[in-house]
Structure formats: structure tokens, C-alpha cells
Amino acid sequence: MSHSPVPLGTFPTPVEPAPRLAAALGLEPGDLWIKRDDLTGLGGGGNKIRKLEWTVGAALAEGADTLVTTGAPQSNHARLTAAAGARLGLDVVLVLRGAPGASRSGNLALDGLFGARLAWAGEVDRAGLDAAAAEVCARLRAGGARPALIPFGGSGVLGAQGYVRCGEELDEQVPQLRTVVVALGSGGTMAGLVAALGAGSVLGVDVGALTDPAAAVVEFAAPLATQEVTAKGLRVRRDQVGAGYATLTGPAAQALRLAARTEGLVLDPVYTGRALAGLHAAVQDGDIRPGEKTVFVHTGGLPGLFGHADAIAFAEEGAGTFGG
Ligand SMILES: *Cc1c(COP(=O)(O)O)cnc(C)c1O
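Residues numbered from 1 in each chain as written. Predicted model: local features only at pLDDT ≥ 70, side-chain atom pairs only at ≥ 80, totals over all residues. Heavy atoms only, no water.

**Here we look at the overall build of the protein**
Now for step 1: In terms of regular secondary structure, the protein is built from twelve helices and ten strands.
Now for step 2: In summary, the protein has a C-alpha radius of gyration of 19 Å against a globular reference of 20 Å for 324 residues, a match within 12%.
Now for step 3: The principal-axis extent of the C-alpha atoms belonging to the protein is close to 60 × 60 × 35 Å.
Now for step 4: For the protein, with 324 residues in total, the buried portion stands at 55%.
Now for step 5: Accessible surface, the protein: about 13300 Å² in total, of which carbon and sulfur atoms supply 54%. (Helix = DSSP H or I, 4+ residues; strand = E, 2+ residues; numbered from the N terminus. Rg over C-alpha atoms; globule rule 2.2 N^0.38 Å. Buried < 20%, exposed > 50% of the residue type's maximum accessible area, 1.4 Å probe, protein only. Areas by Shrake-Rupley, 256 points an atom, 1.4 Å probe, with all protein chains shown as cover.)

Structural data, given as C-alpha cells:
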């Protein structure tokens, strides 16, 4: 790649043991490690920072003065794009699915704090969202601005390079690593890990953001990998999507509670909750076995918990009453 990344995050992120969570999942206490990519620093942190270092680096090299990107209303990627723009003195326009007014909590509150402008695209599909973003870019250009369009989720061959670096960190931090478990949304995160560690070492838990997530991972990973990457060779679970991307599934809710109560670790309802539920299912069906070193990548998303009414209701239900 011709561009170089712009430093935005705090790296390497730590890896921490999770013995009580391991035992609760049916593993041996020493088997499970958490890669704390929720602690990447800027803007509340999360996996999107590693990708933004590359995509925003390219935007700067092209002379952009405005970042434009797309997402769901509670997009962590949109929030962190807003934070990156603030850090670098760039304007930011977020093209979001849906309509204003429904909720301004969670990530949306932070988008506003970082000074991003919002463009609501209505209830559109991915193509409709991309079309709305193209229109926003055209209008910015007509007004004399120099917009750079950051792809959905920050994912592409360029952004995935951020996760090649994460894979290299893991290689050093966790010798004899057998499986890295990660949420699979727009695909760039899993793609970079696959390129760095090999397809057999990465288990992606699909959250339902794409119709063909494996195809996206292959597209982004193949140009970065030294070995051939095929859809067939990927380890992808699609059993945690439930009723769809933004819904709180039963297994994800239980995973949130389990991580919180065994390790004091907060997951999010859309990505990391599903990913841990997928890890649990993988232990139950023998895809991940006790005695093997497993890393769970915590990709962030905490603000999304506070933007998710069902997740908050579930969390509050768990509070016991002391005394009488
Ligand atoms: C976006 C996101 C993911 C998924 O990463 P992709 O690169 O889009 O697949 C996982 N976890 C969180 C918290 C995210 O915001």
C-alpha cells in the first residue's frame, strides 16, 4: 500500500488472563486471554481505531479536509471517525441509517460531542446508504470542501492492515495461540487477523451486518495474506445473528452478564456479546477445546450499551435488592 497510517491509538493493547470466565465457559482457567482492543484510547476506544489509522492516513495524503462515513445510528465506527476528525482538525459528516429523534443516547451523544454533522438517510439498504454518502460528498465538493469517503465500518484492504498489526501483537503476546475469537461485522477486523495469523487460527462470529460476511473477509484478507484465503477455509459462525443486527439475543444477553460477573468485563450487546456467545457455543460443540490457548478480542462498543434500550433493561433486571 502506498499510504502510511496516522497514529491515533495507544498500542500495543494489553492481553489479560480471564480464569473465572474461562472456567464458566467450560475451559481450563489458564486457557483464555482477552485482547483489550477496547482500550485503544481515542474517543472511547474500540477496534475501529486501528482501521482508521490507515483510512484516515490515506485521506490526509489525498489532502482531504472532511471525513464522510456511513453506519447504523449506534455505529462505533461513526463515533470514532468523529473522534479522529476532532483530533486531526478535520470536519466530519456521518451518514446514518434511519431518522433523527428516535434516540440521542450512546454513540449518538458522543457524535454530537465530537462536533460531527449528521445526515439521516432514512430506512435504506447498504446500497441506499452508499448512495446517500455519495450525494453528501458531491454537495461538499460543490461547496468547496475536499471530502474523503471512509468505507462502511472502515473495512477494506486498507483498513484491514490495522488488524494485521493486531495479529502481530498477538503472535508476540500469546505463544501457542490456537484460536482468536472475534466479532464479524463489516469484515475488516477478521480479515486483518486472518492475513496475519492464518485462516485456521481465527474464529469469526457473524453479527448479521452483511449478507455475505465470508466474501468480505476474503476480499479484504487475500491481498494482505501470504497464503491463499478462501471462503471455505474461514472459520465463521452464523448462529448468533438471531433476529438481526441491532436486536439483543438471549445468548448475547447471558454473555454480557457472564463477562461482567466473572471478570468485571463490560461487553456490548451487538458485537462482543454475540462474539462471547459464539465462543461459548464453540466450546459446547467442540470447535474450541479445553487445554488450547484461546484469545477473545474485546473490540469495544461500550457506548452502544447505553444506546440500546433492551440491553439497559436487561442489565437493570440483574440488580438485586439488599435488605428488605
Ligand atoms: C465494528 C465492530 C466490530 C466488527 O468489526 P468489523 O471490522 O466491522 O467486522 C466488532 N466489535 C465492535 C465493538 C465494533 O464496533
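**With respect to a nonpolar patch on the surface**
Now for step 1: Together, Val266, Leu302, Phe306 and Ile312 give the surface a local cluster of nonpolar side chains, amounting to about 330 Å² of exposed area.
Now for step 2: As for its placement among the helices and strands, Leu302 is situated in helix 11 (residues 302-305).
Now for step 3: A residue is classified by how much of its surface remains accessible, and Leu302, at 40% relative accessible area, is partly exposed. (Patch = residues over 30% accessible without salt bridge, like charges linked within 9 Å, V, L, I, M, F, W, Y side chains within 5 Å. Salt bridge = Lys/Arg side-chain N within 4 Å of Asp/Glu carboxyl O.)

**Observations concerning the pairing of strand 7 (residues 177-184)**
Now for step 1: Taking burial as the measure, the eight residues of strand 7 include seven buried ones, the bulk of the element.
Now for step 2: With four bridges connecting them, strand 7 and strand 10 (residues 293-298) associate as parallel partners. Residue pairing across strands places Thr179 opposite Thr294, the latter belonging to strand 10.
Now for step 3: Bridge count for strand 7 against strand 8 (residues 202-206) is five bridges, and the pairing is parallel. Bridging from a neighbouring strand, Ala183 pairs with Val205 of strand 8. (Pairing = 2+ DSSP bridges.)

**Some details on the packing of aromatic side chains**
Now for step 1: What the rule picks out here adds up to one aromatic pair.
Now for step 2: Each ring, one from Tyr245 and one from Tyr271, has its centre 5.8 Å from the other, and the planes form 80°; the classification is edge-to-face. Taken together, the residues span a long stretch of sequence, with Tyr245 in the loop between strand 9 (235-237) and helix 9 (250-263) and Tyr271 in the loop between helix 9 and helix 10 (272-284) at a distance of 26 residues.
Now for step 3: The ring of Tyr271 has Lys48 sitting right over it, with the charged end atom 5.3 Å from the ring centre.
Now for step 4: Its end group placed over the ring of Tyr163, Arg50 keeps NZ or CZ at 5.5 Å from the ring centre. (Phe/Tyr/Trp six-rings, centres within 6.5 Å; stacked < 30°, edge-to-face > 60°. Lys NZ or Arg CZ within 6 Å of the ring centre and 35° of its normal.)

**Description of the domain arrangement of the protein**
Now for step 1: The domain boundaries assigned to the protein delineate domain 1 (15-45 + 156-317) and domain 2 (48-154).
Now for step 2: For domain 1 versus domain 2, the distance between C-alpha centres works out to 24 Å.
Now for step 3: Facing 27 residues of domain 1, the contacting portion of domain 2 comprises 24 residues.
Now for step 4: Between domain 1 and domain 2, roughly 2000 Å² of surface is buried when both sides are summed, and carbon and sulfur atoms account for 59% of that area. (Domains from an automatic or database assignment. Contact = heavy atoms within 4.5 Å. Buried area = accessible area lost by both parts, 1.4 Å probe.)

**Details of the confidence of the model for the protein**
Now for step 1: Of the residues in the protein, 98% reach a pLDDT of 70 or more, and the chain-wide mean stands at 96.
Now for step 2: Confidence scores differ between elements of the protein, with helix 12 (residues 309-317) showing the lowest mean pLDDT of 94 and strand 10 the highest of 99. (pLDDT = per-residue confidence, 0-100.)

**Describing helix 10**
Now for step 1: Between the first and last C-alpha of helix 10 there are 18 Å, a value that for 13 residues agrees with the 18 Å anticipated at 1.5 Å per step.
Now for step 2: For helix 10, every residue scored as buried is listed here: Thr272, Gly273, Arg274, Ala275, Leu276, Ala277, Gly278, Leu279, Ala281, Ala282 and Val283. (Expected span 1.5 Å × (residues − 1).)

**Re the site of the ligand**
Now for step 1: The environment of the ligand is made up of 16 residues, and the closest members are Lys48, Lys51, Ser186, Thr189 and Thr299.
Now for step 2: Asn47 places a side-chain nitrogen or oxygen 3.0 Å from an oxygen atom of the ligand.
Now for step 3: Side-chain polar atom of Thr189 to an oxygen atom of the ligand: 2.7 Å apart, as the coordinates give it.
Now for step 4: Within the complex, 98% of the 380 Å² of free accessible area of the ligand lies under protein.
Now for step 5: Its atoms largely coinciding with the cavity grid, the ligand occupies the second largest pocket.
Now for step 6: Secondary-structure elements contributing two or more residues to the shell around the ligand are helix 2 (48-61), strand 7 and helix 7 (188-197). (Near = heavy atom within 4 Å. Polar contact = N/O pair within 3.5 Å; in protein donor to acceptor, adjacent residues only side chain to side chain. 1 Å grid on protein atoms, 1.4 Å probe; cavity = no way out; pocket = protein on both sides within 12 Å on 5 of 7 lines; lining within 4 Å. Sits in = over half its atoms within 2 Å of the grid points.)

**Some words on the side chain of His308**
Now for step 1: Inspection of the secondary structure puts His308 in the loop between helix 11 and helix 12.
Now for step 2: Among the residues examined, His308 registers a relative accessible area of 10% and is labelled buried.
Now for step 3: Those residues in contact with His308, other than ones at most four positions away along the chain, are Ala246, Thr247, Leu248, Pro269 and Val270.

**Here's the deal with the UniProt feature "modified residue: N6-(pyridoxal phosphate)lysine" (unreviewed entry) in the protein**
Now for step 1: Under the present numbering, the feature "modified residue: N6-(pyridoxal phosphate)lysine" (unreviewed entry) in UniProt falls on Lys48.
Now for step 2: Within the fold, Lys48 resides in helix 2.
Now for step 3: For Lys48, a relative accessible area of 8% gives the class buried.
Now for step 4: In contact with Lys48, not counting residues within four places along its chain, are Asn76, His77, Leu80 and Gly153. (UniProt positions renumbered as here; feature names shortened; annotations may be inferred.)

**Observations regarding the nonpolar core**
Side chains of a nonpolar character, in soluble globular proteins, are inclined to be buried together.
Now for step 1: Of all hydrophobic cores here, the largest spans 42 residues; its most connected members are Leu170, Val180, Met190, Leu193, Val194 and Leu234.
Now for step 2: Of all elements in the fold, only strand 4 (91-96), helix 5 (126-142), helix 6 (157-173), strand 7, helix 7, helix 8 (213-221) and strand 10 reach the threshold of two or more residues within this core.
Now for step 3: Counting residues domain by domain, this core receives three or more from each of domain 1 (15-45 + 156-317) and domain 2 (48-154). (Core = buried A, V, L, I, M, F, W, Y, C linked by side-chain atoms within 4.5 Å.)

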